[in-house]
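# Close look at the chain arrangement
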Amino acid sequence: MDKIYFDYNSSTPLDKRVFKKMLPYLGANFANPSAIYSIAQKAKNAIEDARISVANLLGAKPKEIIFTSGGTEANNLAIKGFCFANRAKGNHIITSKIEHSSVLNVFNFLETKNFKVTYLDVDEYGIINMEQLESCMDKETILLSIMHVNNEIGTIQPIEKLKAICNKRKVCFHTDAVQSFGKVEVDVAFADLITVSSHKIYGPKGAGALYVGSGISIEPLLHGGHQEEELRPGTEAVASIVGFGEACRLRLQEMKAEQIKVKKMRDALEAGILKTVKGIKVNGHPQNRLYNTLNICIEGVEAQNLVINLDMRGFCASSGSACQARVPEVSYVLIATGMSQKDCAGALRLSLGKFNKESDIHALLKVLPEIIKNLRASASHG
Ligand SMILES: *Cc1c(COP(=O)(O)O)cnc(C)c1O
């Protein structure tokens, strides 16, 4: 039986059209794009076409796009690359408490390299505290990194306000846009450095990119050949990059129509759960929340057990964020929103995407109340 998939924020299935575009570069055309014979030039051209497609979805110039192995690498390149290139200007850098681990752990690392880090608080909905941001900035501040959309709760930050604050103080602004890119509009006007990833938008794993605005200098993390403006040397993952480009081209055409369809299903799921199960709290911002994400706290239930039970009934869902799923730890994102340890333990994330059907929603609503009821009964007897 095919699983019914509600974990699109973790990864997405590869679009068949993307897969088809990748095939030649996994087969007959294996050439190194740096070579000079014609099949190598063909591979090189395919990479440049992909660069145009990624740039188009961001409103960027192709030369501003640096391909990486994914979002994690692009976040590392943006933050470490900027800090190492600009440390003479100051050593204070700012992020938030709810960033993805591939941002938070980079800031933790930079603390060991003599950078001073401010981790901003968020409100109950996961929105950055603007007063705290403005008051912590000083002459030493060189970088702010705030994600556009949170992967766990879907909260959308007021990105234009953040950029304006940074502009006023000549501070570089980086945003991790992995969860918003290809789902809602993400524009180069939003930030100086923007991280995007392929496998969250129906592209293959192994590709991502960093947008680097003009006038922003970063240092490479790797040293080697001349690829990617020497910011990311190494023979390119041609097939993955080509797939990423095709995924972006398709998102540009299809994103708008899917927003409405997916939001309708998410809202129906939310309403259905609230109607049939008591003791539910919806997490994230009531309005400024990505249309595909539903994160709920379920009273009296351990989300890990719920996810296992859902799996046995044929559903894929997530408790907390995917990166923490194997660690029995509650979500630091929900803790930052002021939630208690106990409430966090019952947090379930359902994230939808373009292959979901209305029948998936009905199927989940049919089994979820019963699973929760049984888990609550066994917890109170246990
Ligand atoms: C998935 C994710 C990443 C990491 O991207 P990879 O391409 O999997 O390395 C970074 N940030 C956010 C918000 C994500 O959801």
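Here is what the cut-offs are and how they apply
Residues numbered from 1 in each chain as written. Predicted model: local features only at pLDDT ≥ 70, side-chain atom pairs only at ≥ 80, totals over all residues. Heavy atoms only, no water. Pairing = 2+ DSSP bridges. Helix = DSSP H or I, 4+ residues; strand = E, 2+ residues; numbered from the N terminus. Contact = heavy atoms within 4.5 Å. Axes fitted to C-alpha atoms, helices over the stretch in contact; angles between N-to-C directions. Salt bridge = Lys/Arg side-chain N within 4 Å of Asp/Glu carboxyl O. Buried < 20%, exposed > 50% of the residue type's maximum accessible area, 1.4 Å probe, protein only. Disulfide = S-S within 2.5 Å. Polar contact = N/O pair within 3.5 Å; in protein donor to acceptor, adjacent residues only side chain to side chain.

### Considerations on the sheet that holds strand E9 (residues 280-283)
Sheet architecture is open: four strands sit in the order E9-E10-E13-E12, paired in antiparallel fashion. Whereas interior strands pair on both sides, the edge strands pair on one side only; in this sheet they are E9 and strand E12 (318-319). Note that E12 and strand E13 (residues 347-351) share two bridges and pair antiparallel. By the bridge assignment for E13, serine 318 is matched with arginine 349. Set on the sheet, helix H7 (residues 238-276) makes contact with E9, strand E10 (293-298) and E13; between it and E10 the angle comes to about 15 degrees.

### What to know about the sheet that holds strand E5 (residues 141-145)
Taking strand neighbours across the sheet as the criterion, the seven strands line up as E2-E8-E7-E6-E5-E3-E4 in an open arrangement whose pairing is mixed. Among the strands making up the open sheet, the edge pair consists of strand E2 (65-68) and strand E4 (116-120). Averaged over all neighbouring strand pairs, the angle between strand axes comes to 20 degrees, with direction disregarded. Judged from the five bridges that link them, strand E3 (residues 92-96) and E4 form a sheet pairing that is parallel. Residue pairing for E4: isoleucine 94 is matched across the bridge by threonine 118. Seen against the sheet, helix H2 (residues 38-58) touches E2, strand E7 (193-197) and strand E8 (208-212) and runs at an angle of roughly 115 degrees to E2.

### Structural notes on the pattern of salt bridges
Per the stated rule, a full pass over the model turns up 21 salt bridges. One salt bridge connects glutamate 246 with arginine 249, and the closest N-O pair in it is separated by 2.9 Å. Taken together, the residues glutamate 246 and arginine 249, both in helix H7 and three residues apart, mark about one turn of the helix. Exposure remark for glutamate 246: the relative accessible area of 7% places this residue in the buried category. Taken together, the shared-partner salt bridges in this structure form one network comprising Asp15, Arg17, Glu254 and Lys354.

### Overview of the state of the cysteines
What the rule picks out here adds up to zero disulfides. As a non-bridged cysteine, cysteine 83 has cysteine 172 as the owner of its nearest cysteine sulfur, 8.9 Å distant. Cysteine 166 takes part in no disulfide bond, and the closest cysteine sulfur to it belongs to cysteine 172, at a distance of 7.8 Å. Residue cysteine 166 is classed as buried on the basis of its relative accessible area of 0%.

### Some details on the environment of threonine 337
Within the secondary structure layout, threonine 337 lies in the loop between helix H9 (332-336) and helix H10 (341-344). Using a relative accessible area of 12% as the deciding quantity, one classes threonine 337 as buried. Counting along the chain gives 212 residues from threonine 337 to tyrosine 125, while the straight-line C-alpha distance between them is 6.3 Å. Sequence-distant contacts of threonine 337, that is, excluding residues within four places in its chain, are made with Val122, Asp123, Glu124, Gly126 and Ile153. Within the structure, the side chain of threonine 337 is placed 2.6 Å from the backbone oxygen of leucine 334, a separation counted as a polar contact.

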